[in-house]
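# Overview (structure and organization)
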Amino acid sequence: PKPAGTVRIVLLGDSFIHGLGVAADDRLGVPLERALDERCGASPAPPIEVLHVGVTSWDIRAEAAFVRRQLALLQPDLVVHHIVPNDLDDLPGVRGFGALSKSSPRRPERGDALVSLVQGRWTFDGAARGLLPWGLDAEARERLAACADEIDALAAAVTTAGSRYLLVINWQAYQAVAGQAFAKRRPAEQVAFLSWDFYKDARWRISAADEHWNPAGHEQVASFLYGLIVARSLLPALSLAPWPEAEQTARPNDDAARQ
């Protein structure tokens, strides 16, 4: 339960928000919370907390449903929902040989989505990108539409409760698909993009083979979010001071991704 008078930000997502590959104290919510505390101009200053609501391999539908169910308990002032292309997949299950599978007992008619995501790399071309996030076939379009409905339902629940919602699209090479499927359905102030260049930048990745953010990457995303929170007045109760470096991180990143 949220303590009385607390300003609470919920970071929602999968392994990126969970902080796969970094220590808990290196995750983006820690520097974000520190920046909000240091630059809070409200008097008296309220307690501020940033929660990481993230599970490795969560998909959009599971993320949105979880927070909708927990909304009365969480009572967030702001929900920042970070999504990536593999969030179109079902939750992992275990198949006969102990490997993770993307098939779901709830949708037994579906095959293993690994075929759509990475089969091309194994079979045809090591540089090939997966097919599922392009939205080119019926299965992909159905998943995009279902995820968009879940995002809309979560955003509506959050705003009806008097809180703010921000969708951060980190759709890598598939930004145009995410823009069509998700961004066009949300008010402009509820959508931001992380650019393809940011995704590829070795300074922010754990390694060339691991796309998850390293501690410096988490710091950068925290700065990005602070810049957006100030620019869009997403936490008006805090009377936040400007942070030019954060704003210079946020706007060019978002603009580049939209372009």
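The next subject is the overall build of the chain. When helices and strands are counted, the chain shows nine helices and seven strands. In the chain, buried positions account for 50% of the 259 residues. Long-range pairs, those at least 24 residues apart, make up 69% of the contacts in the chain with a sequence separation of at least 6.

Now for the packing of helix α3 (residues 60-74) against helix α5 (residues 138-160). With their axes 9 Å apart at the nearest point, α3 and α5 run at an angle of 20 degrees to one another. By the angle between their directions, the pair α3 and α5 is classed as roughly parallel. Between α3 and α5 the crossing geometry is left-handed. Contacts between α3 and α5 involve I60, R61, A64, A65, V67, R68 and L71 from the former and A146, C147, E150, I151, A153, L154, A157 and V158 from the latter. Within the contact of α3 with α5, the residues separate by chemical class into 12 nonpolar, no polar and three charged.

Moving on to the sheet that holds strand β3 (residues 78-83). Spatially, β2-β1-β3-β6-β7 is the arrangement adopted by the five strands of the open sheet, whose pairing is parallel. The sheet terminates laterally at β2 (48-54) and β7 (191-193), the two strands that pair on one side only. The mean angle between the axes of side-by-side strands here comes to 20 degrees, regardless of whether they run parallel or antiparallel. Relative to β2, strand β1 (residues 7-13) is paired through seven bridges, and the arrangement is parallel. The residue bridging G13 from the neighbouring strand is G54, located in β2. Of the strands in this sheet, β1, β3 and β6 (164-169) are in contact with α5, which crosses β6 at around 150 degrees.

The next point concerns helix α2 (residues 29-39). Within α2, burial applies to G29, P31, L32, A35 and L36. For α2, the angular spread of buried residues about the axis comes to 165 degrees, placing them on one side. Buried residues along α2 sit against β1, β2 and α8 (215-231).

Attention now moves to the packing of aromatic side chains. What the rule picks out here adds up to seven aromatic pairs. Look at W134 and Y174: their rings are 4.7 Å apart centre to centre, the planes differ by 75 degrees, and that puts the pair in the edge-to-face class. Placement of the pair is W134 in the loop between α4 (114-123) and α5 and Y174 in the loop between β6 and α6 (175-181), with a sequence separation of 40 residues. Since its relative accessible area comes to 6%, Y174 is described here as buried. Centre to centre, the rings of F198 and W204 are 6.2 Å apart; their planes meet at 20 degrees, and the pair counts as stacked. This pair shows no difference in class: F198 is buried, exactly as W204 is. A cation over an aromatic ring shows up here: R39 above the ring of W243, its NZ or CZ 4.0 Å from the ring centre. Sitting over the ring of Y199, R205 keeps its end group 5.0 Å from the ring centre.

Cut-offs and rules
Residues numbered from 1 in each chain as written. Predicted model: local features only at pLDDT ≥ 70, side-chain atom pairs only at ≥ 80, totals over all residues. Heavy atoms only, no water. Helix = DSSP H or I, 4+ residues; strand = E, 2+ residues; numbered from the N terminus. Buried < 20%, exposed > 50% of the residue type's maximum accessible area, 1.4 Å probe, protein only. Contact = heavy atoms within 4.5 Å. Axes fitted to C-alpha atoms, helices over the stretch in contact; angles between N-to-C directions. Parallel < 35°, antiparallel > 145°, perpendicular 65-115°, else oblique. Left-handed = near helix turned anticlockwise from the far one by under 90°. Nonpolar A, V, L, I, M, F, W, Y, C, P; charged D, E, K, R; others polar. Pairing = 2+ DSSP bridges. Arc of directions from axis to C-beta. Phe/Tyr/Trp six-rings, centres within 6.5 Å; stacked < 30°, edge-to-face > 60°. Lys NZ or Arg CZ within 6 Å of the ring centre and 35° of its normal.

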